[in-house]
Structure formats: structure tokens, C-alpha cells
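Report on the structure
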Amino acid sequence: MKVLSKGLARSRSKPRAICGGTLLAGKSLFLPNERVPIVVQRLTRSQIDAIPKDLFSVKVLGGEGCVSASGAIEVARSLSMERRVGVVVKGESALTCPLPGWGRLGARGGKTADIPIIVNPVTVEGIAPNPLHGFRHKIKTKSKKRDVPDEKDKTEEGIVTVTELLKQAVNTMNGLRQDYRKKDAEKGMDNGNDPPDGIFSSIINEKQLGVSIIDVHNKFFGSNNSCMLNGKQYKFVEFCLLLLYVFARMGILVNKSRKPFCEFLQSKVYMTKKTPPVRTFNNYAKKMGYQKFEETFPLLPFDPSKPPPVGDYPSLKQYPLYFACHQIGMAFHDTEYFTKLRDQRERLNKFIL
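Reference entry: report on the structure contained in this document. This is a predicted model, so every value here is computed, not measured. (Residues numbered from 1 in each chain as written. Predicted model: local features only at pLDDT ≥ 70, side-chain atom pairs only at ≥ 80, totals over all residues. Heavy atoms only, no water.)

**Notes on the overall build of the protein chain**
Applicable threshold: Starting at the N terminus, helices and strands are each numbered in turn, a helix being any DSSP run of H or I of at least four residues and a strand any DSSP run of E of at least two. Two residues qualify as a contact provided that any one of their heavy atoms is within 4.5 Å of a heavy atom in the partner residue. Every accessible area reported is derived by Shrake-Rupley at a probe size of 1.4 Å, with residue values counting cover from the shown protein chains alone.
The secondary structure content of the protein chain amounts to eleven helices and eleven strands. When contacts within the protein chain are restricted to residue pairs at least 6 apart in sequence, those whose partners lie at least 24 apart make up 72%. Carbon and sulfur atoms provide 52% of the accessible area of the protein chain, an area that totals close to 18500 Å².

Put into C-alpha cells, the structure is as follows:
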């Protein structure tokens, strides 16, 4: 899937455009993916029948003359407040019923950027993408596009639908990717490839640490864009910033600068565009709450093998970020790699040097 950035507005006044398409039942459509997990579009009955129901859920709302676009979007949003909704506005599966103004689309919270415009090419090469391989599929777009189907395309009635990527499909993808990461980490350790960046202690294997980070991320986020830590909601960029604090407090991070840690997450852990850029990372770190906590955290008691010692230190209650970091630390304490590190530490303590 390709994001069109030139010539298309990406501001809050208009949703950004996303290009993609898959051929099913002789016509193109847009199958949801991790980035746009819920899609409003017009499908034929043959297309609906051809969509793999073990990976996608299709909710039929009715014929185009009976369903409004705004109503369909509200139904899509009601499926899950955390999951993003896309609307197909061009191509064979585009909605032909009148679209509401972009202001109404973004009425909930005043945000329009959470409703991508999906440009579904009329001509698409390939078959339905395999969700277990990250929804990669080949797309070929001709210069000629049309928004409303011709008379010859009306052999089947257009039905307004909401197609949703099932969460178990996302979990399966995450599991396969994590298996690949683990094998890659073991291979790198055996062959001595990819020397460390020098931001962690020399005993840390960065690839295996990356596997642990993804394990903990999946535990807290699942298929959502935010997570709950100690009863408070945190964005992905905030989670990444808390990781920096936790690793520094654990003593495994020797270079505590934000830029190299952010680049480590980008290049060796997530390896996707969703990883926050260094500028965004720094902007959050400079906020008063995070800046003050970064200075205070090294002075607070921290043992991720135990619950927070609130009884002994009642003053900890004034630091909500402390409890979020403690919860993250406990999650890493239970990972396979951190168990290996503790075993390694115990063996080293037996040495007489």
C-alpha cells in the first residue's frame, strides 16, 4: 500500500489519501489491513462471498439508495473506538451515495485525519493479499479512473458494507513476525552479524532485546494504537519514551540520549513507518510531566520483580509515570530474554576473578 503525499492534502482540514486495491470476483476492492482495519465501501454480492471470512468480517448495511455515507461511517466507528476507519471514494468499490462534508466526518473529537480517503484503482493486478504476509500485494493503476461504475458494471447491485480486519488475523501476523524476529536474533548471535550500536551494555544482544520489546508491545497494545498502563491511556510514542526511561533505570542503557534510542527502535525493532520520528520523540520528552519525571525517576526505588512499594514510599503516588514504568518493567522481567540475562548474571557472580 502506498501513501500519496504529493498533491494531496494531509492536514486536519481534509483526510489523507491512501492508494491500494485487490482483485476479487472480477472487480477491485480494498481489503482492510493493520493500518486501516475498518473500511466502508460498495461491494457486490459476489465480492462479499469471495472475501475470506476467517480473516475479515463483512457487515452488510443495504443498497446504495437506502444507506447514507455518514450513517455507514458511524456504524464503522461503533465497531471499535480504537480502530481507524477508511472510506473508499474512488474506484470500483467507491461509495456513490453522497459523502458528508469533511467537517461532519471528523465531528467526533474534531479529528478528520483518522478517516483516510482510499483510492481504489480500477485496474488491479494480483489476487487477494495474504494477511499472514503483511498484506503486500502488487498494484498496477491505469491513468483512467472512474468514480461511478458504467452500465456494464451494474450486473450486480452495489451494497454498502463495512469490512473489518479480524483481530485474530492481526495476532496471527504478529506471531509470525515475532517468530521470524526470534530466528533472526538467534542467527545473528551465532554468526556475529549486525554489531551493536553501543547504546546498550556490551552484554546486551540488541536483536534479542528487540524481540522482547515486540513481545511487551503486543501484550499491552494488541491490535490497538494505544495502551492502558495503570489505568491511564498512553500513545505509542509515549510508550517508546517510557521504554527509554525503563532501560536507563535498569542499567542496560549506557547512552541515554533520545536520538540514538529512537533510531534503534526505527531500524532494529519496529522497522516500520509507524515508529515515531526523532522530532516527535523529543517533543513529548520536553513536556513538563515527562521532563520532570526523567530527572526524578533515577532517585525512586525500582524493582521490576516486585509490585510497586507504595506502602513503604507513599510519596510515589504523586508520580503516575512511575507506575506506568513499573508495569512495563515487570512485563520485561517476565520475558524469555530477561530470564536469560538473570541466569547469566548469576553465573557471572560465581566467578572468582
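**A word on the environment of Pro307**
As a reminder of what qualifies: A simple rule labels every residue: compare its accessible area, found with a 1.4 Å probe on the protein chains alone, to the largest value its type can have, and call it buried under 20%, exposed over 50%, or partly exposed in between.
Assignment of secondary structure puts Pro307 in the loop between α9 (288-296) and α10 (320-333). In this structure Pro307 comes out as exposed when scored by relative accessible area, which is 59%. In this structure the C-alpha to C-alpha distance between Pro307 and Phe323, which are 16 residues apart in sequence, comes to 9.4 Å. When sequence neighbours within four positions are dropped, the list of residues in contact with Pro307 reads His326 and Met330.

**A look at the pattern of salt bridges**
Should their charged atoms come close, side chains of opposite charge can pair. In plain terms, the rule: Any Lys or Arg side-chain nitrogen found within 4 Å of a carboxyl oxygen on Asp or Glu counts as a salt bridge.
One pass over the full model with this rule turns up six salt bridges. Of the charged contacts in the structure, one is a salt bridge between Arg258 and Glu294, with a shortest N-O distance of 3.7 Å. Of this pair, Arg258 sits in helix α7 (residues 258-270) while Glu294 sits in helix α9; the two residues are 36 residues apart in sequence, bridging distant segments of the chain. Judged by relative accessible area, which is 21%, Arg258 ranks as partly exposed. Residue Glu294 is classed as partly exposed on the basis of its relative accessible area of 28%.

**Notes on the pairing of strand β10 (residues 226-229)**
Looking along a regular strand, one sees side chains alternate from face to face of the sheet. Quick reminder of the rule: Strands were regarded as paired on the criterion that DSSP finds at least two bridges between them.
Where β10 meets strand β11 (residues 232-235), four bridges bridge the pair, whose relative direction is antiparallel. Bridge assignment links Ser226 to a residue of β11, and that residue is Lys235. Taking the residues that link successive antiparallel strands as the turn, the β10-β11 hairpin has two residues, and the phi of Asn230 there is positive, at about 55°.

**Details of the side chain of His217**
With respect to the helices, strands and loops of the structure, His217 is situated in helix α5 (residues 206-221). Setting aside chain neighbours within four positions, we find His217 in contact with Gly222, Phe236, Phe239, Tyr270 and Lys274.

**Here we look at α7**
For α7, the complete set of buried residues consists of Phe261, Cys262, Phe264, Leu265, Val269 and Tyr270. Downstream of α7 by a residue or two, Met271 has a phi angle that is positive, lying close to 50°.

**Some details on unusual backbone geometry**
Here the phi dihedral of Asn230 falls at roughly 55°; this positive angle occurs in a residue that is not glycine. As for its position among the elements, Asn230 is in the loop between β10 and β11. Among the residues examined, Asn230 registers a relative accessible area of 48% and is labelled partly exposed.

**Focus: the packing of helix α6 (residues 236-250) against α10**
Stated precisely, the cut-off is as follows: Fitted lines through C-alpha atoms give the axes, limited to the stretch in contact for helices. The angle between two N-to-C directions lies from 0 to 180 degrees. By the definition adopted for this analysis, an angle is roughly parallel if under 35 degrees, roughly antiparallel if over 145, roughly perpendicular if from 65 to 115, and oblique otherwise. For this classification, Asp, Glu, Lys and Arg are treated as charged, while Ala, Val, Leu, Ile, Met, Phe, Trp, Tyr, Cys and Pro are nonpolar and the rest, including Gly, are polar.
Interaxial distance between α6 and α10 falls to 9 Å at its minimum, and their mutual angle equals 70°. It follows from the interaxial angle that α6 and α10 lie roughly perpendicular. Each of Phe239, Leu242, Leu243, Tyr245, Val246, Phe247 and Met250 in α6 lies in contact with α10, whose residues at this interface are Leu321, Ala324, Cys325, Ile328, Gly329 and Phe332. Among the residues forming the contact of α6 with α10, the class breakdown is twelve nonpolar, one polar and no charged.

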